Amino acid sequence: MPLFGKAYTGMGYIGPGKIFWEAAVYLLTIYGILSLDYFWGKGQKMQAFWQENWGKIVNYLPTLGAALVVLVGGHFLIKLINRLVGKALNKTRLDASIHRFILVALRIALRVLLFIVVLDILKIPTGPFITALGAAGLAVSLAVKDNISALAGGVIILFSKPFVAGDYIEVEDEAGGVVDYIDLLYTRLHTYDNKIIQIPNNTMSNARITNFSAMEKRRLDITFSIGYGEDFRRAEALILDVVRAHKKVMPDPAPVVRLNEHGPSALGIITRVWVKTEDYWDVRFDLLEGVKDAFDAAHIE
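Conventions used here
- Residues numbered from 1 in each chain as written.
- Predicted model: local features only at pLDDT ≥ 70, side-chain atom pairs only at ≥ 80, totals over all residues.
- Heavy atoms only, no water.
- Helix = DSSP H or I, 4+ residues; strand = E, 2+ residues; numbered from the N terminus.
- Buried < 20%, exposed > 50% of the residue type's maximum accessible area, 1.4 Å probe, protein only.
- Contact = heavy atoms within 4.5 Å.
- Areas by Shrake-Rupley, 256 points an atom, 1.4 Å probe, with all protein chains shown as cover.
- Pairing = 2+ DSSP bridges.
- 1 Å grid on protein atoms, 1.4 Å probe; cavity = no way out; pocket = protein on both sides within 12 Å on 5 of 7 lines; lining within 4 Å.
- Points joined across faces, edges and corners; volume = space filled by probe spheres on them.
- Nonpolar A, V, L, I, M, F, W, Y, C, P; charged D, E, K, R; others polar.
- Polar contact = N/O pair within 3.5 Å; in protein donor to acceptor, adjacent residues only side chain to side chain.
- Salt bridge = Lys/Arg side-chain N within 4 Å of Asp/Glu carboxyl O.
- pLDDT = per-residue confidence, 0-100.
- Phe/Tyr/Trp six-rings, centres within 6.5 Å; stacked < 30°, edge-to-face > 60°.
- Axes fitted to C-alpha atoms, helices over the stretch in contact; angles between N-to-C directions.

**Overview of the overall build of the protein**
Along the backbone of the protein there are seven helices and 10 strands. Going through the 301 residues of the protein one by one, you find that 27% of them count as buried. Partitioning the contacts of the protein with sequence separation of at least 6, the portion at a separation of at least 24 is 61%. Approximately 20700 Å² of the protein is accessible, and the part contributed by carbon and sulfur atoms is 63%.

Spelled out as structure tokens, the structure:
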């Protein structure tokens, strides 16, 4: 038979395409027969498996149902416990950030306990699981040691309370803002121009922090400059008049207005007054404007 072209048979001429097509049909038929026999054997094995183990499966269903009931019931019980603990915490004097930390830790611990109980009901040995959990915990702790350090820093901050949500703080005289919240890993601040600053708690717990909101009152210090040719005692009297006229300046401790500096080209008069913390910036701006108006009226430069 020629390799290409048509071959003559008793049935006539047959092209190579028809030969290949018929050969493919024969091969697929043989493969189908063999596959049918293979799956028939598999089906018999599966049937034997079900006949052998059906009784065990039926006997195990009550245990499986009990585990399912405990799993679902435990899920709702954990929610209820967290809700009750949350209400109890709201009645305490603990900071809201500590509430969040306690509730998250409690939820994780209860879920792990529930998982172990379900495994025990299913008669699955919990010893290897607990061992594996410990090993996994060790591996994870090595992998996320920085996060664990931040978590420890968060616990220190939450219980030592160097600041709380709503306080205005500065960290190392650099980042500063109002504390939004203290999370497990980070403390978030927002600046007065509405920028968000997020700092890891391990950094916060080791940094020098200045809290401007912790005390009810603050001392406001302003230095006013006048020329050497001006009468500084007259300037002091004018400043003191402006200070005493301001309603938000506290009379006790008494305001201090004294000559404080001989600068290269001007005299510096320090003004120290006490105000409520929330009034600090309003009083500062008011005194700067009021003293400038008083100096202009008295022709003091």
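**What about the pairing of strand β5 (residues 186-190)?**
Burial along β5 is one-sided: T187 and L189 are buried, while Y186, R188 and H190, pointing the other way, are not. Pairing analysis gives four bridges linking strand β4 (residues 175-182) to β5, with the strands arranged antiparallel. Among the inter-strand pairings, V179 is bridged to a residue of β5, identified as L189. In this structure, the hairpin formed by β4 and β5 is closed by a connection of three residues. Looking at chain direction, β5 and strand β6 (residues 196-200) are connected through five bridges and run antiparallel.

**Focus: unusual backbone geometry**
D252 connects to P253 through a cis peptide bond whose omega is 0 degrees. Of note, P253 is situated in the loop between α6 (232-245) and β9 (256-262). Its identity as a non-glycine residue notwithstanding, N194 has a phi of 70 degrees, on the positive side. Counting through the fold element by element, N194 comes out in the loop between β5 and β6.

**Brief notes about the layout of surface pockets**
As a volume, the second largest pocket reaches approximately 200 Å³. As for the second largest pocket, its lining consists of G166, D167, Y168, V178, Y192, F212, S213, R218, T277, E278, Y280 and W281. By residue class, the composition of the lining of the second largest pocket is six nonpolar, three polar and three charged.

**Considering the side chain of H246**
Along the chain, H246 falls in the loop between α6 and β9. A polar contact is formed between the side chain of H246 and the backbone nitrogen of K248, at a distance of 3.1 Å.

**Some thoughts on the pattern of salt bridges**
Summed over all chains, the structure comprises seven salt bridges. We note a salt bridge from D180 to R188, for which the minimum N-O separation is 3.2 Å. Between K292 and D296 there is a salt bridge, with its nearest N and O atoms 2.6 Å apart. Of this pair, K292 and D296 are both found in helix α7 (residues 280-297), four residues apart, which corresponds to roughly one turn of the helix. The structure contains a network of salt bridges with shared partners spanning R219, D221 and R272.

**Re the confidence of the model for the protein**
Averaged over the protein, the pLDDT score is 79; the fraction of residues at 70 or greater is 72%. Note on residues 1-14: pLDDT is under 50 here. Beyond four places in sequence and across chains, it has 15 contacts.

**Section: the packing of aromatic side chains**
All chains considered together, the criterion is met by four aromatic pairs. Aromatic side chains Y280 and W281 sit 5.2 Å apart centroid to centroid with 85 degrees between the ring planes, which places their arrangement in the edge-to-face category. Their ring planes at 35 degrees and their centres at 5.9 Å tell us that W281 and F285 sit as a pair that is tilted. Residue W281 and its partner F285 are located together in helix α7, separated by four residues, close to a single helical turn. W281 sits in the partly exposed class, given a relative accessible area of 44%.

**Concerning the sheet that holds strand β3 (residues 168-171)**
Taken together, the five strands give an open sheet; going across it, the order is β6-β5-β4-β3-β7, and neighbouring strands pair in antiparallel fashion. Two strands in the sheet have a free side with no partner beyond their single neighbour: β6 and β7 (209-211). Each strand of the sheet is rotated relative to its neighbour by a mean of 40 degrees, with strand direction disregarded. Relative to β7, β3 runs antiparallel, the two sharing three bridges. The residue bridging V171 from the neighbouring strand is I209, located in β7.

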